[in-house]
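Residue-level listing of the chains:
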Amino acid sequence: MIVAAAQFPSAVLDIEANAARTAGLIAEAAGRGAELIVFAELGLTGYELEAIAAGPERCVLAPDDPRLAPVRDACRAAGVAAAVSGPGRGPSGTADGMAIATFVYGPDGALLTRYDKHHLYGRETELFTPGPTAGGRFTYRGLKFALATCYDNAFPEVAERAAADGCQAYLASSFHDSVERTDEYATLARDHGFDVLLANGTGPRSGGVGCGYSGIWAADGSGLARVTGETGLGLAEVGVTAGPLSEARVPSGPDPEESEPAGISGGRAAG
């Protein structure tokens, strides 16, 4: 299956604008053959903790929120799935509080699953409620996926549970400000024997500047795709037998060595 890691600088608390940009990238990735597109942590609002704290009623989301209709419509129109992240009413749909939620929509626009970040970092602990340790699994077109969010990935037991559950691909929505931190996902793939996709935030935000460099790594730790621009897509095939990187794992599209205005890469781009 071809998957895509997507990144763009979110507009602060402008869910409608961010949903529209998300929908556009879903359509673009689907046009290049992607069947699943993953977006960064809090991409629907921006990683803006102070703004979220000042107006949580403006940004808390449910899976059927009308403001997310463009995302659901884009999945339905292209027949693909997408994982998007924002402040979710919760955790896991309860009446009180907020969670850092990931909603995974299927090709019919319906919710496939929801995952709430368990390991909160810094000021997140003042704003959000941690999700349960269980969950974050879904099966889509024959592959079993695990979900994790940013600081979750600093805890070895999170990936260990995913491997023990037989997950073939591990999807991480994050907001890192260090390229070196993004490089650690190659080790995560190699240590646990599954393909790893990182969708990382970009742009200046509270709590740091998102460095981007979203990427996809094979189960042996080799790089399959990397996004080097502020906005763009990285595409690669996951769920195949681990081994040396080959062109068979790279979707057709622009030469990854060429400069792309949208920061698009697929294959052996910057590592």
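Above this note sits the structure.
Please read these numbers as outputs of a predicted model, since none were measured by experiment.

Undergrad: Requested: an account of the nonpolar core, with residues and values cited.
TA: Among the nonpolar cores identified, the biggest contains 41 residues, and I26, I37, F39, L68 and F128 are the most heavily contacted of them. Contributing elements (two or more residues each) for this core: β1 (2–7), α1 (15–31), α2 (49–54), α4 (69–78), β3 (81–89), β4 (98–105) and β14 (232–237). No other element matches the 7 residues that α1 contributes to this core. Beyond its immediate sequence surroundings of up to four residues, F128 is in contact with L49, I52, P87, M98, A99, I100 and L120. In terms of nonpolar packing, the next biggest core, distinct from the first, is built from 24 residues, V3, A5, A199 and A225 among them.

Undergrad: Explain α1 to me, and be specific about the residues and the numbers.
TA: For an α-helix the count is 3.6 residues per turn, leaving residues at separations of three or four pointing the same way. For α1, built from 17 residues, the straight-helix expectation of 24 Å at 1.5 Å per residue is met to within 8% by its first-to-last C-alpha distance of 24 Å. Looking only at α1, the buried set comprises I15, N18, A19, T22, A23, L25, I26, A29 and A30. Buried residues along α1 cover an arc of 170 degrees about the axis, so they all sit on one side. Packed against the buried residues of α1 are β1, β2 (36–38), α3 (56–59), α4, β3 and β14.

Undergrad: Provide a residue-level description of helix α7 (residues 179–192), including the pertinent values.
TA: For α7, the complete set of buried residues consists of R181, T182, Y185, A186, L188 and A189. Lining the buried residues of α7 we find α6 (156–164), β8 (169–174), β9 (195–200), β11 (208–211), β12 (215–217) and β13 (223–226).

Undergrad: Residue-level account of the packing of aromatic side chains, with values.
TA: What the rule picks out here adds up to 8 aromatic pairs. Taking 4.9 Å as the distance between ring centres and 70 degrees as the angle between the ring planes, the aromatic pair formed by Y121 and Y151 counts as edge-to-face. Of this pair, Y121 sits in the loop between β5 (111–116) and α5 (124–127) while Y151 sits in the loop between β7 (143–149) and α6, and the two are 30 residues apart along the sequence. With a centroid separation of 5.1 Å and 15 degrees between ring planes, the pair formed by F138 and F145 is classed as stacked. F145 carries the same exposure label as F138, and that label is buried. Each member of the aromatic cluster is reached from another via a ring pair, and the members are Y121, Y151 and F155.

Each value, and the rule that gives it
Residues numbered from 1 in each chain as written. Predicted model: local features only at pLDDT ≥ 70, side-chain atom pairs only at ≥ 80, totals over all residues. Heavy atoms only, no water. Core = buried A, V, L, I, M, F, W, Y, C linked by side-chain atoms within 4.5 Å. Buried < 20%, exposed > 50% of the residue type's maximum accessible area, 1.4 Å probe, protein only. Helix = DSSP H or I, 4+ residues; strand = E, 2+ residues; numbered from the N terminus. Contact = heavy atoms within 4.5 Å. Expected span 1.5 Å × (residues − 1). Arc of directions from axis to C-beta. Phe/Tyr/Trp six-rings, centres within 6.5 Å; stacked < 30°, edge-to-face > 60°.

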